[in-house]
Amino acid sequence: MGLNKKELEKFFVSIDEKPFRAKQIIKWVHQRGVSSFSEMTDISKDLRTKLETVCVVEAPEVIYEKTSQDGTKKWVISVGNNDLIEMVLIPENNRATLCVSSQVGCAVDCSFCATGKQGFSRNLNLDEIIGQVWVAANSFGLPREPNSRNITNVVMMGMGEPLLNFNPVVDAMDLMMDDNAYGLSKRKVTLSTSGIVPKIDELAKVSDVSLTISLHAPNNELRDQLVPINKKYPIQELLDSVKRYVESCEDKRVTTIEYILIDGVNDSLELAEELADLLTQIPCKVNLIPFNPFSEVNYKKPSGNRVKRFQNYLQEKGYITTIRSTRGDDIMAACGQLVGQVNDKTRKKEREQNKARIETKTI
Ligand code: SAH
Ligand code: SF4
């Protein structure tokens with residue numbers, strides 16, 4: 001699971017096999033959910049035996065799973081060394097969206113985000129990222145049918161800033177879109193970023209997944225406080241990189257602008273007006289996310305009326321504006337609540353360890 005297609009091809013060549021074996025293995029592992037070489041019946045017995053001696057198909061270890069009252073499912077996964085990550089599956093009508101983590105913790109440290117408060121531990125490897133999709137797909141039952149699209153959408157919106165873990169994230173998204181693996185269309189794989197401008201340009205060169213920008217404020221003064229990476233890559237630079245990204249995609253693209261609404265902080269009508277003016281530059285729709293509370297910060301969720309008022313203003317200005325429904329908050333699976341939580345005691349210990357680690361790490 002830790003090898004992308006090219007690396008798998010190279011591996012097979014290195015053991016005197018044809019490169020097309022890579023495609024066969026990808027199909028077995030990712031399309032069918034098979035982890036035992038003995039079940040891979042279109043591969044010769046000799047090769048299967050050889051593979052058993054040198055490889056394993058191993059997903060990261062699930063240590064806890066829980067289903068919310070609304071059907072949202074959260075998995076806590078151990079990636080070794082006390083590092084825990086979370087992924088969330090959100091079923092909705094005939095869709096099932098999987099929210100995948102890219103890092104253990106996050107160094108960007110947005111003021112409203114539980115993952116950010118936890119600090120940064122490390123980047124996830126390819127197997128740990130695609131392994132999340134594998135585990136979630138298998139949860140619908142095995143053997144998996146080759147074209148069973150149980151997971152219809154994947155969003156890189158779990159723990160971490162995906163563009164600060166570039167290669168493994170791109171490799172994982174390639175597998176999500178590979179017809180021999182998960183077969184999702186580029187519109188159904190979404191990368192969400194706090195705005196790492198040079199990496200958006202790099203992404204445009206190698207991928208055309210859907211892009212979501214976590215903007216959260218229409219001016220630099222406010223955004224500097226909420227999303228500290230803004231001091232390095234301010235709003236105009238960010239929007240310019242979005243324009244370049246959209247132009248690089250073959251089809252017409254609309255970028256989603258995420259805007260968390262925090263009571264009395266960024267939810268006034270003046271700011272809605274400023275946002276509407278700012279966004280005339282790019283083809284976009286807006287997704288408003290009412291702040292999900294967690295213990296470490298004093299921010300509050302705005303009232304339904306304030307959220308509606310903000311939405312109405314943007315809609316009047318012609319923007320398609322949705323309000324993200326809060327899902328899974330009874331199991332701490334909602335946006336911004338992901339911290340690799342198992343229980344409060346473990347969580348507290350981890351936080352302390354992570355805080356110690358973050359002091360020696362920078363982005
Ligand atoms: N690091 C990336 C992707 C992961 S965060 C990014 O920031 O885009 C995924 C989304 O959850 C972001 O839009 C983020 O702003 C939102 N979020 C973070 N904390 C939140 C909270 N407490 N309540 C609601 N949404 C939150
Ligand atoms: Fe990191 Fe995204 Fe959370 Fe900001 S919102 S701290 S970038 S995970």
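Here is what the cut-offs are and how they apply
Residues numbered from 1 in each chain as written. Chains lettered and ligands numbered in written order. Predicted model: local features only at pLDDT ≥ 70, side-chain atom pairs only at ≥ 80, totals over all residues. Heavy atoms only, no water. Helix = DSSP H or I, 4+ residues; strand = E, 2+ residues; numbered from the N terminus. Rg over C-alpha atoms; globule rule 2.2 N^0.38 Å. Buried < 20%, exposed > 50% of the residue type's maximum accessible area, 1.4 Å probe, protein only. Areas by Shrake-Rupley, 256 points an atom, 1.4 Å probe, with all protein chains shown as cover. Lys, Arg positive; Asp, Glu negative; His and termini not counted. Charge placed at Lys NZ, Arg CZ, Asp CG, Glu CD. Phe/Tyr/Trp six-rings, centres within 6.5 Å; stacked < 30°, edge-to-face > 60°. Near = heavy atom within 4 Å. Polar contact = N/O pair within 3.5 Å; in protein donor to acceptor, adjacent residues only side chain to side chain. Nonpolar A, V, L, I, M, F, W, Y, C, P; charged D, E, K, R; others polar. Domains from an automatic or database assignment. Contact = heavy atoms within 4.5 Å. Buried area = accessible area lost by both parts, 1.4 Å probe. Salt bridge = Lys/Arg side-chain N within 4 Å of Asp/Glu carboxyl O. Core = buried A, V, L, I, M, F, W, Y, C linked by side-chain atoms within 4.5 Å. Axes fitted to C-alpha atoms, helices over the stretch in contact; angles between N-to-C directions. Parallel < 35°, antiparallel > 145°, perpendicular 65-115°, else oblique. Left-handed = near helix turned anticlockwise from the far one by under 90°.

Enquirer: I tried to follow the overall build of the protein chain on my own but got confused; where do I start?
Expert: When helices and strands are tallied, the protein chain shows 12 helices and 12 strands. Against the 2.2 N^0.38 benchmark of 21 Å for 363 residues, the protein chain shows a C-alpha radius of gyration of 21 Å, consistent with a compact globule. Viewed in the frame of its principal axes, the protein chain has a C-alpha envelope of about 70 × 50 × 40 Å. For the protein chain, with 363 residues in total, the buried portion stands at 55%. Summing over all exposed atoms, the protein chain offers an accessible surface of approximately 16,500 Å²; the carbon and sulfur share of this is 48%. Side-chain charges in the protein chain split into 48 positive and 49 negative, and the spacing between the mean points of these groups amounts to 2 Å.

Enquirer: Would you mind showing me how to read the packing of aromatic side chains here?
Expert: Here a ring pair, both rings aromatic, is described through the centre-centre distance and the interplanar angle of the planes. Taken as a whole, this structure holds 4 aromatic pairs when the rule is applied. Taking the centre distance of 5.8 Å and the plane angle of 90 degrees together, the rings of F291 and Y299 count as edge-to-face. Owing to a relative accessible area of 0%, F291 belongs among the buried residues under this scheme. The partly exposed category is assigned to Y299, whose relative accessible area is 24%.

Enquirer: Would you explain the site of ligand 1 in this entry?
Expert: Taken together, 22 residues are adjacent to ligand 1, and F112, S192, S214, H216 and N292 come closest. Taking T193, its main chain carries an N or O atom lying 3.4 Å from an oxygen atom of ligand 1. Within the complex, 95% of the 530 Å² of free accessible area of ligand 1 lies under protein. When contributions to the shell around ligand 1 are tallied by element, the ones reaching two or more residues are β8 (189-193), β10 (255-261) and β11 (284-290). For the shell around ligand 1, a count of residues per class yields 11 nonpolar, 9 polar and 2 charged.

Enquirer: Help me understand the domain arrangement of the protein chain in this model?
Expert: Accessible area lost upon the coming together of the parts serves often as the stated size of an interface. You can read the domains of the protein chain as domain 1 (5-56) and domain 2 (61-347). Using only C-alpha atoms to locate each centre, domain 1 and domain 2 end up separated by 33 Å. On the side of domain 2, 13 residues touch domain 1, which itself brings 11 residues to the contact. In this assembly, domain 1 packs against domain 2 so that about 1,100 Å² is buried in total across both faces, 50% of it on carbon and sulfur atoms. Ranking the residues of domain 1 by area buried against domain 2 places H30, Q31 and R32 at the top, with a combined share of 57%. Run the count over domain 1 and domain 2 and you get 0 salt bridges. Of the residues forming the side of domain 1 that touches domain 2, the biggest block, 6 residues, is contributed by helix α2 (residues 21-31). Within the side of domain 1 that touches domain 2, the residues separate by chemical class into 3 nonpolar, 4 polar and 4 charged.

Enquirer: Explain the nonpolar core to me, please; I cannot follow it from the model alone.
Expert: Soluble globular proteins tend to bury their nonpolar side chains together. Judged by nonpolar contacts, the single largest core of 104 residues is most densely connected at L98, M176 and L203. Counting contributing residues, this core receives three or more from each of domain 1 (5-56) and domain 2 (61-347).

Enquirer: Please clarify how the site of ligand 2 should be interpreted in this entry.
Expert: Around ligand 2 sit C106, V108, D109, C110, F112, C113, G116, G160 and S194, and that is every residue in its neighbourhood. Across the shell around ligand 2, the residue classes break down as 5 nonpolar, 3 polar and 1 charged.

Enquirer: Explanation requested: the side chain of T190 in the structure shown.
Expert: One can find T190 in strand β8. Sequence-distant contacts of T190, that is, excluding residues within four places in its chain, are made with V154, V155, M156, M157, S210 and T212.

Enquirer: Can you walk me through the pattern of salt bridges in this structure?
Expert: Pairs can form between side chains of opposite charge once their charged atoms are near each other. The full count for this structure, using the stated rule, is 16 salt bridges. Across the salt bridge formed by K117 and D109, the nearest N and O atoms sit 3.4 Å from each other. Among the residues examined, K117 registers a relative accessible area of 26% and is labelled partly exposed.

Enquirer: For this particular structure, what's the right way to read unusual backbone geometry?
Expert: A negative phi holds for most residues other than glycine; trans holds for most peptide bonds. In this structure, P143 follows L142 across a cis peptide bond, with omega equal to -5 degrees. Examined against the element boundaries, P143 turns out to sit in the loop between α5 (126-138) and β7 (153-156). One non-glycine residue, N81, adopts positive backbone phi at about 55 degrees. Mapped onto the elements, N81 comes out in the loop between β2 (73-78) and β3 (84-92). With a relative accessible area of 66%, N81 lands in the exposed category. For N82, which is not a glycine, the phi torsion comes out positive at approximately 65 degrees. Relative to the helices and strands, N82 is located in the loop between β2 and β3.

Enquirer: What exactly am I supposed to notice about helix α1 (residues 5-14) here?
Expert: Owing to its 3.6 residues per turn, the α-helix aligns residues three or four sequence positions apart on the same side. Looking at where α1 begins, the residue whose side-chain oxygen comes 3.2 Å from the main-chain nitrogen of K6 is N4. Two residues or fewer after α1 comes D16, characterised by a positive phi angle close to 60 degrees.

Enquirer: Looking at this model, I keep getting lost on the packing of helix α10 (residues 269-278) against helix α11 (residues 304-316). Mind explaining?
Expert: Angle between the axes and distance between the axes: these two values describe a pair of packed helices. For the pair α10 and α11, the least separation of the axes is 9 Å and the interaxial angle reads 30 degrees. One element, α10, and the other, α11, form an angle in the roughly parallel class. Crossing hand, α10 versus α11: right-handed. In contact with L269, L271, A272, E273, L275 and A276 of α10, α11 contributes R309, F310, Y313 and L314. A per-class count over the contact of α10 with α11 returns 8 nonpolar, no polar and 2 charged.

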